[in-house]
Amino acid sequence: MLRAANLSKRYRQGTALVTALEGFSYDFPPGATAVVGPSGSGKTTLLNLLAGFDLPSEGEVELGGARLDRLGEDERAGVRLNHAGFVFQSWNLLPTLTALENVAFPLLLAGVSPQERRARALGLLEQVGLAARADHRPNQLSGGEQQRVAIARALALEPAVLFADEPTGNLDSASGHRVLDLLLEHAVGERRLVLVTHDLEIAARAERVLHLRDGRLIKVEEAAAV
Amino acid sequence: MELLLLVWRNLTARLTRSLFTWLGIAVATASMVLFLSFGEGLRQALTAEMGNFGPQIRVVAEGTDAFSPPLPELPPEMLDQIKALAPDLGILKVIPAVVMFRGGFDPATSFLFYGLPEGSDPRDFYPPAQVAAGRLDPWPDGAVVGAKKAELSRLDVGRPLRLSRDVTVKVVGVLEPASSMVDNFIFVPLKTLQRVLGTENYGVFLLLLDPNADVDEVARKLEAAVPGIDAQSTTEALKFAERALRIGDLIRFGISLVALIVGGLLVANTVMMSVFERTREFGVMRAIGARRRFIFGLVLSEALFLSLAGGLAGVLAGVAGSAVINLYTQQAVGLALSAVTPRLALFSMAIALVLGLSAGLLPARSASRIPVTEALGRI
Ligand SMILES: Nc1ncnc2c1ncn2[C@@H]1O[C@H](COP(=O)(O)OP(=O)(O)OP(=O)(O)O)[C@@H](O)[C@H]1O
Ligand SMILES: [Mg+2]
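Residues numbered from 1 in each chain as written. Chains lettered and ligands numbered in written order. Predicted model: local features only at pLDDT ≥ 70, side-chain atom pairs only at ≥ 80, totals over all residues. Heavy atoms only, no water.

Some thoughts on the domain arrangement of chain B
Residues and elements named next belong to chain B. Under the domain assignment, chain B is made up of domain 1 (1-49 + 241-377) and domain 2 (57-212). If you average the C-alpha positions of domain 1 and of domain 2, the two centres end up 48 Å apart. In this assembly, 9 residues from domain 1 lie in contact with 10 residues from domain 2. Summing both sides of the interface, domain 1 and domain 2 together bury roughly 760 Å²; the carbon and sulfur share of this comes to 60%. Linking domain 1 with domain 2 are 0 residue pairs in polar contact (both at pLDDT 80 or more), by the criterion used here. Looking at the side of domain 1 that touches domain 2, the elements with two or more residues in it are α8 (234-277) and α10 (292-333). (Domains from an automatic or database assignment. Contact = heavy atoms within 4.5 Å. Buried area = accessible area lost by both parts, 1.4 Å probe. Polar contact = N/O pair within 3.5 Å; in protein donor to acceptor, adjacent residues only side chain to side chain. Helix = DSSP H or I, 4+ residues; strand = E, 2+ residues; numbered from the N terminus.)

And the structure:
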């Protein structure tokens with residue numbers, strides 16, 4: 001499960017206090033949820049709090065049965081490893097590792113044996129159509145391919161929640177759609193996808209869209225179609 | 001295990017830089033190994049020497065230091081005094097001798113003369129001594145030359161050897177090589193050397209003891225009975241030499257420490273730079289779920305890997321360098337003066353390890369403490 005209650009984040013900047021997020025409450029249902037809003041509206045800030053990268057100034061975050069706002073740095077990392085996957089806009093991959101090793105990395109952290117890691121990572125690369133690129137380094141892959149490797153990695157431990165921050169931001173529309181398809185494909189059953197974007201067309205493919213403005217949740221839009 | 005792969009990948013991704021750092025540590029370690037190998041070599045040579053040294057006690061005038069040739073300061077009365085005490089103390093033989101050193105640092109032009117009394121020959125000094133040519137006994141007016149000395153100064157049997165303006169002896173014997181100090185000695189009759197030095201005194205009394213006698217006790221009793229002497233047992237001399245060697249070791253280690261610290265700073269710099277460049281990577285790892293300890297271990301392993309690989313190369317280079325040095329000292333004085341003993345190799349590796357640890361701790365700490373959001377934000 002993924003739930004936020006009265007979530008706020010304020011940054012101190014010199015003497016001024018910048019409010020990046022204010023009183024955000026939402027219980028994310030299963031399926032895909034898009035978060036949209038103009039630049040600076042607090043989308044990334046929200047994602048950072050939901051994923052436990054950062055602690056809120058106020059409020060509660062619950063992910064995978066754990067209260068992230070009450071946990072320490074390493075405990076939050078543990079929760080992330082077991083319950084969450086991430087795809088960022090760019091620079092997702094570890095540059096010195098091959099595609100296969102990148103996908104296998106979370107499995108390594110989880111203590112999976114080497115043979116099983118390899119087999120599972122290969123399977124995941126196959127799912128995103130990149131089995132042939134298993135031994136390529138990130139700099140030998142196109143932007144779209146890199147994002148697909150990142151998705152394969154995010155899915156490695158079958159997380160309950162997939163977080164994506166502008167995953168298609170750097171891609172042309174064809175590879176963007178391919179990446180989006182892969183992400184949405186996994187937002188089924190009890191699984192959740194939180195998709196941050198400023199592209200309304202992409203957001204429209206989610207089951208619901210949260211609109212942020214100036215750090216506040218101003219509208220929740222349920223999509224009718226799909 | 002996989003940590004090692006990550007470490008390896010990162011170090012090879014910045015190959016030139018890693019190689020230079022590795023080389024820096026290798027050079028620092030090699031210089032330390034070489035410096036300290038002299039102490040070890042001397043220690044080994046000395047132990048071997050003492051083991052082959054015939055007389056168990058060496059009596060010199062009080063205040064004579066252990067490494068320079070003793071001056072002729074022991075008067076003839078003292079010889080009588082000690083000879084009188086000999087039967088009670090279990091002293092089988094008292095050999096009065098005189099030592100004279102001529103020349104400089106170059107082994108080819110420096111000469112160490114040992115004046116032995118009549119009835120005594122180099123075997124009293126070095127029991128396994130054997131002649132390669134001529135005879136063993138320098139009396140009445142000859143010289144018996146050690147193998148190395150004979151080779152370096154071309155002293156074959158029959159050659160004249162001038163000791164002073166009006167004293168010249170003839171080489172009557174050349175010893176077999178013994179890989180010992182004896183190789184560099186020239187044995188001459190005691191009377192001849194006393195004449196050259198213009199003295200009736202002796203420089204040293206060499207005492208051969210009954211095998212059942214307690215060497216240290218005899219030495220103690222002698223010193224008590226005869227004022228003004230220093231009775232050094234072989235074991236005591238070894239202990240003394242060991243102390244002097246240890247001081248030398250400390251000084252040499254101090255000098256090589258400078259190189260080591262520079263090497264350590266090199267590693268710290270390399271690792272710190274690579275930490276800074278990889279902030280985003282660490283952010284991604286942490287985002288995926290790596291704990292801080294994992295990042296810490298990763299960075300520390302890099303420093304350790306660099307240091308140990310450099311240390312290993314340094315020890316190997318030190319072994320090679322030591323062999324080259326020995327090639328020279330073997331030729332010059334017939335002794336291997338440098339030795340890379342297992343304990344020196346282990347010590348050097350331990351130093352490299354400490355170096356890696358101390359160079360890696362700070363970068364590892366800072367890498368593991370960057371906030372995730374900040375690390376992810378930096379590209
Ligand atoms: N570390 C920080 N320190 C100070 N202010 C910050 C920090 N991070 C974010 N902010 C501020 O918080 C607000 C929200 O930023 P955030 O990055 O969440 O916006 P965003 O919706 O993701 O924008 P974009 O679409 O440009 O990515 C902005 O005004 C930003 O300047
Ligand atoms: Mg953003």
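Section: the nonpolar core
Grouped together as the largest cluster of nonpolar side chains are 70 residues, with contacts concentrated most on F24(A), F53(A), F105(A), F163(A) and M285(B). Here this core takes 8 residues from α10(B), the largest share from any one element. When residues no more than four places from it in sequence are discounted, the contact partners of F163(A) are L2(A), L47(A), L50(A), A51(A), L63(A), A84(A), G85(A), F86(A), V87(A) and V194(A). In terms of nonpolar packing, the next biggest core, distinct from the first, is built from 42 residues, V98(B), F113(B), V196(B) and L222(B) among them. (Core = buried A, V, L, I, M, F, W, Y, C linked by side-chain atoms within 4.5 Å. Buried < 20%, exposed > 50% of the residue type's maximum accessible area, 1.4 Å probe, protein only.)

Let's talk about the side chain of Q147(A)
All names here are of chain A. Within the secondary structure, Q147 sits in helix α5 (residues 143-154). In this structure the side chain of Q147 is engaged in a polar contact, spanning 2.8 Å, whose partner is the backbone oxygen of P167. Apart from residues lying up to four places away in sequence, Q147 is in contact with V87, F88, Q89, N92, P167, L171 and V179.

Some details on the pairing of strand β6 (residues 160-164) of chain B
Residues and elements named next belong to chain B. With 4 bridges connecting them, β6 and strand β7 (residues 167-175) associate as antiparallel partners. Considered in β7, the bridge of L161 is made with V169. Adjacent in sequence and paired antiparallel, β6 and β7 are bridged by 2 residues. (Pairing = 2+ DSSP bridges.)

A word on the UniProt feature "domain: ABC3 transporter permease C-terminal" (unreviewed entry) in chain B
In this structure's numbering, the residues bearing the UniProt feature "domain: ABC3 transporter permease C-terminal" (unreviewed entry) are residues 255-371 of chain B. Structurally, residues 255-371 of chain B is divided into 88% helix and 0% strand, and its ends, taken at the C-alpha atoms, are 41 Å apart. (UniProt positions renumbered as here; feature names shortened; annotations may be inferred.)

A few points about empty space enclosed by the protein
One pass over the structure, following the stated rule, counts 5 cavities of 30 Å³ or more. In this model, the largest cavity occupies a volume close to 100 Å³. Together, L81(A), A84(A), G85(A), F86(A), P106(A), R153(A), A154(A), A156(A), L157(A), P159(A) and I288(B) line the largest cavity. Elements with a minimum of two residues in the lining of the largest cavity: β6 (84-87) and α5 of chain A. Here the element with the most residues in the lining of the largest cavity is β6(A); it accounts for 3 residues. (1 Å grid on protein atoms, 1.4 Å probe; cavity = no way out; pocket = protein on both sides within 12 Å on 5 of 7 lines; lining within 4 Å. Points joined across faces, edges and corners; volume = space filled by probe spheres on them.)

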